[in-house]
Amino acid sequence: MFRIKLLCGVAIVALLGDCVGRNIDTLRGATGTGSPFTQALTEQYKSLTVFEADQMYDRRDAGTFARKGLAAAEGKAVAPEWIEAHEPPGRQDRGTEPGARTLAGSAGRRGR
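Caption draft 1: Representation of the nonpolar core within the structure. If you look at the biggest cluster of nonpolar residues, it comprises eight residues: Ile24, Leu27, Ala30, Ala53, Ala62, Ala66, Leu70 and Ala73. When residues of this core are traced back to their parent elements, those giving at least two are helix H1 (2-28) and helix H3 (59-73). In terms of residue count, H3 provides more of this core than any other element does, four residues in total. Ignoring anything within four residues of it in the chain, the contact list for alanine 53 reads Ile24, Arg28, Arg59 and Ala62.

Caption draft 2: Main features of the side chain of lysine 46. Topologically, lysine 46 is positioned in helix H2 (residues 36-55). You can call lysine 46 buried: its relative accessible area is 15%. The contacts of lysine 46, once residues within four sequence positions are left out, are Leu27, Arg28 and Ala30.

Caption draft 3: Quick look at the environment of tyrosine 45. Secondary-structure assignment places tyrosine 45 in helix H2. Look at tyrosine 45 and you get buried, because its relative accessible area is 9%. For the pair formed by tyrosine 45 and glycine 69, sequence separation is 24 residues and the distance between their alpha carbons is 4.9 Å. Other than its neighbours up to four places away in sequence, tyrosine 45 contacts Leu27, Phe65, Lys68, Gly69, Val78, Ala79 and Glu81.

Caption draft 4: View of unusual backbone geometry. Here tyrosine 57, not a glycine, exhibits a phi torsion of approximately 55 degrees, which is positive. In this fold, tyrosine 57 is placed in the loop between H2 and H3. Judged by relative accessible area, tyrosine 57 falls into the exposed class, the value being 67%.

Caption draft 5: Region of the structure containing the packing of H2 against H3. As a packed pair, H2 and H3 sit with axes 8 Å apart at the nearest point and diverge in direction by 160 degrees. Taken as axis vectors, H2 and H3 run roughly antiparallel relative to one another. Regarding H2 and H3, the two cross each other, and that crossing is left-handed. Between H2, through Thr38, Leu41, Thr42, Tyr45, Leu48, Thr49, Glu52 and Ala53, and H3, the contact on the second element is made entirely by Arg59, Asp61, Ala62, Phe65, Ala66, Lys68, Gly69, Ala72 and Ala73. Looking at the contact of H2 with H3 residue by residue, the classes come out as nine nonpolar, four polar and four charged.

Rules behind the numbers
- Residues numbered from 1 in each chain as written.
- Predicted model: local features only at pLDDT ≥ 70, side-chain atom pairs only at ≥ 80, totals over all residues.
- Heavy atoms only, no water.
- Core = buried A, V, L, I, M, F, W, Y, C linked by side-chain atoms within 4.5 Å.
- Buried < 20%, exposed > 50% of the residue type's maximum accessible area, 1.4 Å probe, protein only.
- Helix = DSSP H or I, 4+ residues; strand = E, 2+ residues; numbered from the N terminus.
- Contact = heavy atoms within 4.5 Å.
- Axes fitted to C-alpha atoms, helices over the stretch in contact; angles between N-to-C directions.
- Parallel < 35°, antiparallel > 145°, perpendicular 65-115°, else oblique.
- Left-handed = near helix turned anticlockwise from the far one by under 90°.
- Nonpolar A, V, L, I, M, F, W, Y, C, P; charged D, E, K, R; others polar.

Written as C-alpha cells, this is what we have:
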C-alpha cells in the first residue's frame, strides 16, 4: 500500500513539473498582444521567469511568473504579484519592524 501511494506521489510531482517546464518554455517564445501595457508586462514577466529558472534555479517562482506572463501575452489583465509571497517562511515581515520603529520614534517628536 505504501509503495502505491509513493508511486502516485512521484507521478503527480513529475506531471506537475512537466507542466511548469512547458509554461516556462512557452513564455520564452511568446510575444505580447493587446495594449502596450500588456505587451510590456509580458516582456517583464518573461525576463523574470528566465532569471528565476536559469539563474536562481527556482522552478516554483518561475512557473508562477510564466503563468502570469502567458496571461499577459494573451492580453488578459494580470493581478500584481505580492513580493512577500516569495519570501522564505518567517521572513515575510522583515521590513515592517524597522519602519514601525521609525514611525514610532518620529511620532514622539511631532509635539516638540
